[in-house]
Amino acid sequence: MKTISLQLNKAAQFLAANAIEKLEPQVKAAQDALENGTCAGNDFLGWLHLPSTTTPELVADIKAAAQTLRENCDTIVVAGIGGSYLGARAVIETLSNSFEWLSNKGENPVILFAGNNIGEDYLYELTEYLKGRRFGVINISKSGTTTETALAFRLLKKQCEEQRGKDVARKVIVAITDAKKGAARVTADKEGYTSFIIPDNVGGRFSVLTPVGLLPIACAGFDIEALLKGAADMERLTGADVPLAENPAAQYAAIRNALYQSGRKIEILANYQPKLHYVNEWWKQLYGESEGKDGKGIFPAAVDLTTDLHSMGQWIQDGERTIFETVISVEQPTHKLLFPHDEENLDGLNFLEGRRVDEVNKMAELGTQLAHVDGGVPNIRISIERLDEYNVGQLLYFFEIGCGISGLLLGVNPFNQPGVEAYKKNMFALLGKPGYEAESQAIKARL
Ligand code: PA5
């Protein structure tokens, strides 16, 4: 089986000679600090060897819980926000048929996501949609106190109990949360829900290969063992003992830091497959929350191409030259479709007749790469063979370990997120949460 590969020359040409190789000592130090647990944030390194250490017993428990949900539900709502839903959504949307869920005629349940916003209309429309459906809920929150998720779970629990009865609700509500603390744990224990633990030493954005990601992915009908196998192979290929010259994640970390030092402050992750949209979203959280601190950090942006060439293409080609682009290139599509013939040929495209649609997409990708490089945009390409569990598992781990190394090269603690608390404090003060009286007065004086 192939492993993902990197093309760096079209980014390296924008840097001084040997700019990447010169970072080798720092890269090695970062790799060793992660492996030895001596870096900043070393109490959150539990993700590092998850692929190779996840036990068959845990996988079997996850598959059994997924089977119960699949047998008893036509719809499963995953309630979670940030790291507590983006990884699952990224994998499920990447591997799913793009349209099957609309008809719900497939053998898999419809997977919906909630608890990731406070939109009244979204939640109202969700509860309307669920009326009459045999739905279940996976409630995911490490802290168990996140407002968005707690609100959605209150609504979903009540509706599930009313619609399906308390006994069935107990069977089709599953909690993934802390081992001991938080509202989600207390409720799960009280109600007797099946539950899974988010390890203390795994932060939300690094949790896709824990039950946080694995249970929803298994519920959607995908092979979590193949996903873990792909991730474990990438863990081996990017280990602390693999030097920069042979280590794709270390190279990715090094070149993005070298580009940042040269004034490239924004990285645009681009895909040419709409199914990868939520991989972009997951990546944005992973890199944004890990690196954006202490007044530093590459801003992670993302585009779906060729779609966004018709909206953001002008900016990328011709705007301020502070960007670089990283493309996820999928070598083989899953299906085969040929460009059709048209008798009148009004669009002048009959020269493409009989050729694979993917060939057209690939030439768009190549043409765009060359155009962007000509426009002064360094271009990194990450190639993966196809969109299946094994390859996506590789990609997830590649980005995780790349992020750990990159954040340490940048000189930040990649594993905390102190800035996320600021809006919560203000929101609770504005809403008059007990205990926030002083903040409430101070904030009202500023309005
Ligand atoms: O990466 C993180 O830690 C955060 O984005 C969390 O995943 C997010 O805030 C959700 O937190 P929780 O799982 O505690 O509800």
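Definitions and limits used
- Residues numbered from 1 in each chain as written.
- Predicted model: local features only at pLDDT ≥ 70, side-chain atom pairs only at ≥ 80, totals over all residues.
- Heavy atoms only, no water.
- Phe/Tyr/Trp six-rings, centres within 6.5 Å; stacked < 30°, edge-to-face > 60°.
- Helix = DSSP H or I, 4+ residues; strand = E, 2+ residues; numbered from the N terminus.
- Buried < 20%, exposed > 50% of the residue type's maximum accessible area, 1.4 Å probe, protein only.
- Lys NZ or Arg CZ within 6 Å of the ring centre and 35° of its normal.
- Patch = residues over 30% accessible without salt bridge, like charges linked within 9 Å, V, L, I, M, F, W, Y side chains within 5 Å.
- Areas by Shrake-Rupley, 256 points an atom, 1.4 Å probe, with all protein chains shown as cover.
- Salt bridge = Lys/Arg side-chain N within 4 Å of Asp/Glu carboxyl O.
- Lys, Arg positive; Asp, Glu negative; His and termini not counted.
- Charge placed at Lys NZ, Arg CZ, Asp CG, Glu CD.
- Polar contact = N/O pair within 3.5 Å; in protein donor to acceptor, adjacent residues only side chain to side chain.
- Contact = heavy atoms within 4.5 Å.
- Core = buried A, V, L, I, M, F, W, Y, C linked by side-chain atoms within 4.5 Å.
- Near = heavy atom within 4 Å.
- Nonpolar A, V, L, I, M, F, W, Y, C, P; charged D, E, K, R; others polar.
- Axes fitted to C-alpha atoms, helices over the stretch in contact; angles between N-to-C directions.
- Parallel < 35°, antiparallel > 145°, perpendicular 65-115°, else oblique.
- Left-handed = near helix turned anticlockwise from the far one by under 90°.
- Pairing = 2+ DSSP bridges.

Caption draft 1: Here's a closer look at the packing of aromatic side chains. Tallying each qualifying case throughout the model produces 13 aromatic pairs. An angle of 35° between the planes, with centres 5.5 Å apart, marks the rings of Tyr252 and Phe398 as tilted. Remark: Phe398 occurs in helix α17 (residues 389-410) and Tyr252 occurs in helix α13 (residues 248-261); sequence separation between them is 146 residues. Classification of Tyr252 by relative accessible area gives buried; the value is 0%. Take Phe398: its relative accessible area is 0%, and that puts it in the buried class. These aromatic residues form a ring-pair network of at least three members: Tyr252, Trp282, Trp283, Tyr287, Phe398 and Phe399. One residue, Lys433, lies across the ring of Phe428, its end atom 4.1 Å from the ring centre.

Caption draft 2: Structural context of a negative patch on the surface. A cluster of like negative charges, contributed by Asp342, Glu343, Glu344 and Asp347, occupies part of the molecular surface. Along the chain, the position of Asp342 falls in the loop between β9 (323-332) and α16 (357-374).

Caption draft 3: Main features of the side chain of Thr238. The residue Thr238 is located in the loop between α12 (224-237) and α13 in this model. Thr238 gets classed as buried once you look at its relative accessible area, which sits at 3%. In terms of polar contacts, Thr238 uses its side chain to reach the backbone carbonyl oxygen of Met234, at 2.6 Å. The contacts of Thr238, once residues within four sequence positions are left out, are Gln31, Asn247, Pro248, Ala249, Tyr397 and Ile401.

Caption draft 4: Geometry of the nonpolar core. If you look at the biggest cluster of nonpolar residues, it comprises 116 residues, and the most contacted ones within it are Leu34, Trp47, Leu156, Leu215 and Phe399. For this core, the leading source of residues is α17, giving twelve residues. The residues touching Leu34, leaving out its near neighbours within four places in the chain, are Cys39, Leu45, Trp47, Leu48, Ile401, Gly404, Ile405, Leu408 and Phe415. Ranked by size, the runner-up nonpolar core spans ten residues in total, among them Ile268, Tyr272, Ile323 and Val377.

Caption draft 5: Broad picture of the site of the ligand. The environment of the ligand is formed by 13 residues, the closest being Ser84, Ser141, Thr146, Gln285 and Glu289. Within the contact set of the ligand, an oxygen atom lies 2.7 Å away from a backbone nitrogen or oxygen of Lys142. Contact between the ligand and Glu289: an oxygen atom at 2.6 Å from a side-chain N or O atom of the residue. Considered on its own, the ligand offers 390 Å² of accessible surface; in the complex 88% of this is hidden by protein. A breakdown of the residues in the shell around the ligand according to their chemical character gives one nonpolar, nine polar and three charged.

Caption draft 6: Main features of the packing of helix α7 (residues 120-130) against helix α8 (residues 147-164). Here α7 crosses α8 at 20°, and the two axes come no closer than 11 Å. Judged by the inter-axis angle, α7 sits roughly parallel to α8. Note on packing geometry: the crossing formed by α7 with α8 is right-handed. When α7 is examined against α8, the residues Leu123, Leu126, Thr127 and Leu130 are found in contact with a partner set consisting of Leu151, Ala152, Leu155, Leu156, Gln159 and Gln163. The residue inventory of the contact of α7 with α8, partitioned by class, reads seven nonpolar, three polar and no charged.

Caption draft 7: Main features of the pattern of salt bridges. For the coordinates displayed, the defined rule picks out 26 salt bridges. Here Arg355 ties to Glu359 by a salt bridge, and the two come within 2.8 Å at their closest N and O atoms. Among the residues examined, Arg355 registers a relative accessible area of 33% and is labelled partly exposed. Beyond isolated ion pairs, a larger network of salt bridges with shared partners links Lys157, Glu161, Lys166, Asp167, Arg170 and Glu191.

Caption draft 8: Local environment of a nonpolar patch on the surface. There is a patch of nonpolar side chains on the surface, built from Phe99, Trp101 and Leu102 and spanning about 390 Å² of accessible area. Under the relative-accessibility criterion, Trp101 is labelled partly exposed at 45%.

Caption draft 9: How the structure looks around the pairing of strand β5 (residues 173-177). Counting buried positions along β5 gives five out of five residues, so the element sits mostly inside the fold. Every second residue of β5 is oriented toward a common face, with Ile173, Ala175 and Thr177 on one face and Val174 and Ile176 on the other, all of them buried. Bridging between strand β4 (residues 135-141) and β5 involves five bridges; their strand directions are parallel. Each bridged residue has a counterpart across the sheet, and for Val137 the counterpart in β5 is Ile173. Both β5 and strand β6 (residues 194-197) contribute to a ladder of four bridges, which runs parallel. Bridge pairing in β6 places Thr177 opposite Ile197.

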